[in-house]
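This is what each chain is made of:
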Amino acid sequence: DAGVTQSPTHLIKTRGQQVTLRCSPKSGHDTVSWYQQALGQGPQFIFQYYEEEERQRGNFPDRFSGHQFPNYSSELNVNALLLGDSALYLCASSLERTPQFFGPGTRLTVL
Amino acid sequence: AQSVTQLDSQVPVFEEAPVELRCNYSSSVSVYLFWYVQYPNQGLQLLLKYLSGSTLVKGINGFEAEFNKSQTSFHLRKPSVHISDTAEYFCAVSDQRWEPGAQKLVFGQGTRLTINP
């Protein structure tokens, strides 16, 4: 079992661009959550997907959007990138009441 | 709304000494409690969880934590640390009310544990 996988591992973009990050959940998991972890901070909840719908959202602007596919994999899209969007983006998967299992993250740098 | 406060941003200890990392939470509803560890340039790994039952929870790598409802605390302890325990540790809570796909984790700011030889 490969666990949660994320791609790419690193990404460099410039302000105003758009980015798409990808996540494959742990085998058997059906819920995917995304978190943003700024340098030196704890992860902040962005949103959670279940049955291809966004079920809960944190305090992030509409520039952050997502999608979940029938195979439970997910994408996080960020439009109109700002310098402040530079962070480690973590994907986590879970099934019902199981604890969330995290991937290694995607490090996004916005110049 | 829930919040988590990790009282120490950095904790330096000597190898083989005991350590306690402190975590307090605030919530208007019952919560589940978690400790995660993050090694450099990696994601988060679950150390232990409190869902119900015994308030003393044992996790991986010799760590344990005690849930204290009256003090709203969930402190992490290890009786003897090793160099390999050097990492960032995060305390987190989630709502016990369960709806499919509606379980977010609220994290503290993290405690950097540094083990000195």
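About the thresholds
Residues numbered from 1 in each chain as written. Chains lettered and ligands numbered in written order. Predicted model: local features only at pLDDT ≥ 70, side-chain atom pairs only at ≥ 80, totals over all residues. Heavy atoms only, no water. Phe/Tyr/Trp six-rings, centres within 6.5 Å; stacked < 30°, edge-to-face > 60°. Buried < 20%, exposed > 50% of the residue type's maximum accessible area, 1.4 Å probe, protein only. Helix = DSSP H or I, 4+ residues; strand = E, 2+ residues; numbered from the N terminus. Contact = heavy atoms within 4.5 Å. Buried area = accessible area lost by both parts, 1.4 Å probe. Salt bridge = Lys/Arg side-chain N within 4 Å of Asp/Glu carboxyl O. Polar contact = N/O pair within 3.5 Å; in protein donor to acceptor, adjacent residues only side chain to side chain.

A.B. asks: What am I meant to see in the packing of aromatic side chains here?
C.D. replies: By convention here, two paired aromatic rings are described through the distance between centres and the angle between planes. Within this structure, the stated rule accounts for 13 aromatic pairs over all chains. Measuring from centroid to centroid gives 5.3 Å for Phe47(A) and Tyr49(A), while their planes differ by 85°, and the two rings are edge-to-face. Accessibility classification places Phe47(A) together with Tyr49(A) in one group, the buried group. With a centroid separation of 5.9 Å and 55° between ring planes, the pair formed by Tyr36(B) and Phe107(B) is classed as tilted. With a gap of 71 residues between them, Tyr36(B) in strand β5 (residues 31-38) and Phe107(B) in strand β11 (residues 106-107) connect regions that are remote in the sequence. Phe107(B) carries the same exposure label as Tyr36(B), and that label is buried.

A.B. asks: For this particular structure, what's the right way to read the interface of chain A and chain B?
C.D. replies: Opposite the 22 residues of chain A that make contact, chain B presents 21 residues. Roughly 1800 Å² is buried in total at the junction of chain A and chain B, and carbon and sulfur atoms are behind 53% of that figure. Taken together, the links from chain A to chain B amount to zero salt bridges. Applying the counting rule to chain A against chain B returns five residue pairs in polar contact (both at pLDDT 80 or more).

A.B. asks: It is not clear to me how the pattern of salt bridges should be interpreted in this structure. Could you clarify?
C.D. replies: Note that side chains of opposite charge can pair when their charged atoms are close. Residues and elements named next belong to chain A. Under the defined criterion, the tally for this structure stands at 11 salt bridges over all chains. Of the charged contacts, one joins Glu 75 and Arg 22 as a salt bridge, the two residues approaching to 3.4 Å between their closest N and O atoms. You can see Glu 75 sitting in strand β8 (residues 74-78) and its partner Arg 22 sitting in strand β3 (residues 19-24), a full 53 residues away along the chain. A relative accessible area of 42% places Arg 22 in the partly exposed class.

A.B. asks: Which parts of the structure should I look at to understand the side chain of Asp8(B)?
C.D. replies: Residue and element names in this part refer to chain B. On the secondary structure map, Asp 8 appears in the loop between β1 (3-6) and β2 (10-14). Polar side-chain contacts of Asp 8 include one of 3.0 Å to the side chain of Arg 22. With residues up to four places along the chain from it excluded, the contact list for Asp 8 reads Arg 22, Gly 110 and Thr 111.

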